[in-house]
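Structure assessment
Spelled out, the chains give:
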Amino acid sequence: MCRLETKMADEEVEKTYRWEGDYEKTWEVLQEDAAGSLQASVDDIIHRAKRRRLQDRQLNVRLGMMRHLFVVVDMSQSMEDQDLKPTRILVTLKLLENFIEEYFDQNPISQLGIITTKNKRAEKLTDLGGNPKRHITQLKTLANTSCVGEPSIMNSLDLAAQTLKHMPTHTSREVLIIMGSLTTCDPGDINITIKMVKDLNIRCSVIGLAAEVQVCKKLCSTTNGTYSIILEDTHFKDLLLEHCTPPPATVNTDSSLIKMGFPQHTVSQDHDSVKPSMCMCHQDTEAQSFTPSGYFCPQCHAKYCELPVECKICGLTLVSAPHLARSYHHFFPLENFREIPLEELDSELSRFCTGCQVQLKGPMVYCCTRCTRPFCIDCDLFIHETLHSCPGCINKRIGPNSS
Amino acid sequence: MAEGEENLMVVIVDCNPVWWGRRQQQQAEPSQIVLSHCLDAIQVFVNSYLMLSHRNRVAVIASHTSKTHFLYPKNVPDPRLDQRRGEDGRYEQFATVDDTVVEEIKHLMTSDTTNSELKTDTLLAGSLAVALCYIHRLEKEYQAGQQLNSRVLVIKAAEDSPSQYMNLMNVIFTAQKQNVVIDACILDKESGLLQQASDITGGVYLKIPQMSGLLQYLLWVFLPDLSMREVMALPPKVQVDYRAACFCHRTLIDVGYVCSVCLSIFCSFSPICSTCETAFKLAKPPMFKSKKRKKSIQNGGPSTSLLQ
């Protein structure tokens, strides 16, 4: 029997045991269609969960924009299980590649690190860094290694905390654990580790592949993280991508002014002759070569090929204005569109979707609350997930702050 | 073009009536370019594009100050146009596109009844958003194995409007994620926003030196496919200035201070952020421990004993 969604409410702890409550006819939620497939039902559940998440999002909450996230991948024996095709570990690795790209797309000034746990030990695969390609190449090597032994949550948390405690206080420190096993093998009392992690202001979230485990639930509720169990692989992808959006900042996160450099792409020239130079990012690698152009750090004039990067010489963070602009849409989140049946649509409004001009067929159409224009379901998802701006509001010149 | 690949081009025409009207009044000679000449050039360009291959598709959007109007393809086909089409000897597809565009532009210009105050900037971000939604819908209609390569050509007349910065940046990042190339053909003043758009998405940016040669520039630069662009000698890439402008003086800065809460950029340190009004934690100077001083007083100096 699978739980549809795991809530973090404290009321659950005080309620009676599950068998003492009323019958929950969970089988009635799933409806088979004409061919006997459950896919439409599952898609519907996921779609409604997405809309509910958008609605539950708290507005006017400070977000942790500069994030340091450690992803802990469970590589124990249970990950060789074949309930996700071909094996759990291969599906996890593939989805993590998508996650890494999406994470750096939505949070360009944040950093990510990967830790693996097996044989009751934890090992750091990649250190905290801002270059997605490095993480993805290392992740691909994991596909060939075997999954053995038991995972250890305590060791992974200790390893992550070692690095995270040195990070500046204005950043948001997070750990995301992907657990396939139902057990954890720890050398000491895990409650002490949980307390240590809470004191360090680290937000721990867990995505479980099997079933709910009390230890993980306690970890997440103490540190204000989220604990979810997957239904199937599309749900897994959804839950992972949910962690790409910045979480609300904790009370202990300081706010400070961070010094940053905005270099221009210049060609280094001395009157008429071009001055080639070596770059700092490809130092000690085979790709090292002399090039005349690049980004020069405004403080120490070290050369880099790509942004964003942290200058190795003077420690200044180098970014370009579009990198910061990528995160601006988090400050003005788009409200959920109102879902109304096609028949109740205002007769003055056109029967064509404002976005893609397709004829609205229903059963439901989605109307923006600010500009009242109707949209089809595909445009609704596209606008909320990717575009983050309503075309109707832009054309009617309605800003995000107006009511 | 490989098997199973189709190309889609969306042309966004800037029909800002304020800009075109002002231009017509300012021009001394009657032989200068007006909106109808521009539309003629666009029609020839679109026909040439359709003629290149049977698998090329096109859509035309008009960008106005008060709305975005889809010119072609139309939602509801006009029965009068169908009748007229069979009468002349034109290739049917060209006739459909040309007549529809002309009818819709006339409809757009004559039906513009804005009761509120007149705005002078074009709704470019809105037109791009609608174009991306349309491209997204068409891409969904293709099954695995068939691919749709899309690009957007913006023919811009009026100046940039800074109030659309946020929306335009959202649209640009979406286009980059969807692999849609944004090309820009500028008729009058340079546009920093479209320079950024074409740089980020990998398109071509061109400011036309002479408006009378619009068709020639369109056919030279924007007609060939994306795959042909590597072998062509296109106008050189513009060096885009990606430096940020500080929020207090609007000057471009090399080194700035960024608020960690709202990501606003300042040129100098200040204790409070002016956008989100957060007070910042100031770095305290290192504290010197005064243990040694205390010890010398206790050992050497006169001590007052409490037990007397």
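Residues numbered from 1 in each chain as written. Chains lettered and ligands numbered in written order. Predicted model: local features only at pLDDT ≥ 70, side-chain atom pairs only at ≥ 80, totals over all residues. Heavy atoms only, no water.

1. Quick word on the interface of chain B and chain A
- Residue-level contacts link 58 residues of chain B with 49 residues of chain A.
- Roughly 4,800 Å² of surface becomes buried between chain B and chain A when both sides are summed, with 64% attributable to carbon and sulfur atoms.
- Here chain B and chain A share four salt bridges between them.
- Inspection of the chain B/chain A interface yields 16 residue pairs in polar contact (both at pLDDT 80 or more).
- Looking at the side of chain B that touches chain A, the elements that each hand over two or more residues are strand E3 (68-72), helix H5 (124-140), helix H6 (165-177), helix H7 (192-201), strand E9 (255-259) and strand E10 (265-266) of chain B.
- Examining the composition of the side of chain B that touches chain A, we find that eleven residues originate from one element, H5 of chain B, more than from any other.
- A class-by-class count of the residues in the side of chain B that touches chain A yields 31 nonpolar, 18 polar and nine charged.
- Where strand E7 (residues 257-261) of chain A lies against E9 of chain B, five bridges are found, and the strand directions are antiparallel. By the bridge assignment for E9 of chain B, Met-260 of chain A is matched with Gly-256 of chain B. (Contact = heavy atoms within 4.5 Å. Buried area = accessible area lost by both parts, 1.4 Å probe. Salt bridge = Lys/Arg side-chain N within 4 Å of Asp/Glu carboxyl O. Polar contact = N/O pair within 3.5 Å; in protein donor to acceptor, adjacent residues only side chain to side chain. Helix = DSSP H or I, 4+ residues; strand = E, 2+ residues; numbered from the N terminus. Nonpolar A, V, L, I, M, F, W, Y, C, P; charged D, E, K, R; others polar. Pairing = 2+ DSSP bridges.)

2. Here's the deal with the sheet that holds strand E4 (residues 172-179) of chain A
All names here are of chain A.
- Here we have six strands laid out as an open sheet, ordered E3-E2-E1-E4-E5-E6, and mixed in their pairing. In this open sheet, the two edge strands, each paired with only one partner strand, are strand E3 (121-129) and strand E6 (227-229). When strand polarity is set aside, the average angle formed by the axes of neighbouring strands in this sheet is 15°.
- Strand direction decides the pairing type here: strand E1 (residues 67-74) and E4, joined by seven bridges, are parallel. Across the sheet, residue Val-73 finds its bridge partner in E4, namely Ile-178.
- Docked against the sheet, helix H5 (residues 153-164) engages E1, strand E2 (111-118), E3, E4 and strand E5 (202-208), running at close to 30° with respect to E3. (Axes fitted to C-alpha atoms, helices over the stretch in contact; angles between N-to-C directions.)

3. Remarks on the domain arrangement of chain A
Residues and elements named next belong to chain A.
- Structurally, chain A comprises domain 1 (63-244), domain 2 (260-268 + 276-328) and domain 3 (334-395).
- Here the C-alpha centroids of domain 1 and domain 2 sit 30 Å apart.
- Contact residues are listed per partner, giving eight residues for domain 1 and nine residues for domain 2.
- A combined buried area of about 640 Å² lies between domain 1 and domain 2, and 58% of that area is made up of carbon and sulfur atoms.
- Contact with domain 2 buries area across many residues of domain 1, yet Asp-105, Pro-108 and Ile-109 alone supply 60% of it, more than any other trio.
- Seen at the junction of domain 1 and domain 2, the total is two salt bridges.
- Lys-133 is the partner of Glu-306 in a salt bridge, and the nearest nitrogen-oxygen pair spans 4.0 Å.
- Counting the contacts that link domain 1 with domain 2 gives one residue pair in polar contact (both at pLDDT 80 or more).
- Taken together, the residues of the side of domain 1 that touches domain 2 break down into four nonpolar, two polar and two charged. (Domains from an automatic or database assignment.)

4. Let's talk about the domain arrangement of chain B
- Domain annotation for chain B reports domain 1 (5-231) and domain 2 (243-284).
- Look at where the C-alpha atoms of domain 1 of chain B and domain 2 of chain B centre, and you get two points 39 Å apart.

5. Some words on the pairing of E3 of chain B
Residue and element names in this part refer to chain B.
- Where burial is concerned, most of E3 is hidden: five out of the five residues are buried.
- One ladder, built from four bridges, connects strand E2 (residues 56-63) with E3; its direction is antiparallel. Across the sheet, residue Ile-61 finds its bridge partner in E3, namely Phe-70.
- Hairpin connection of E2 to E3: four residues between the antiparallel strands. (Buried < 20%, exposed > 50% of the residue type's maximum accessible area, 1.4 Å probe, protein only.)

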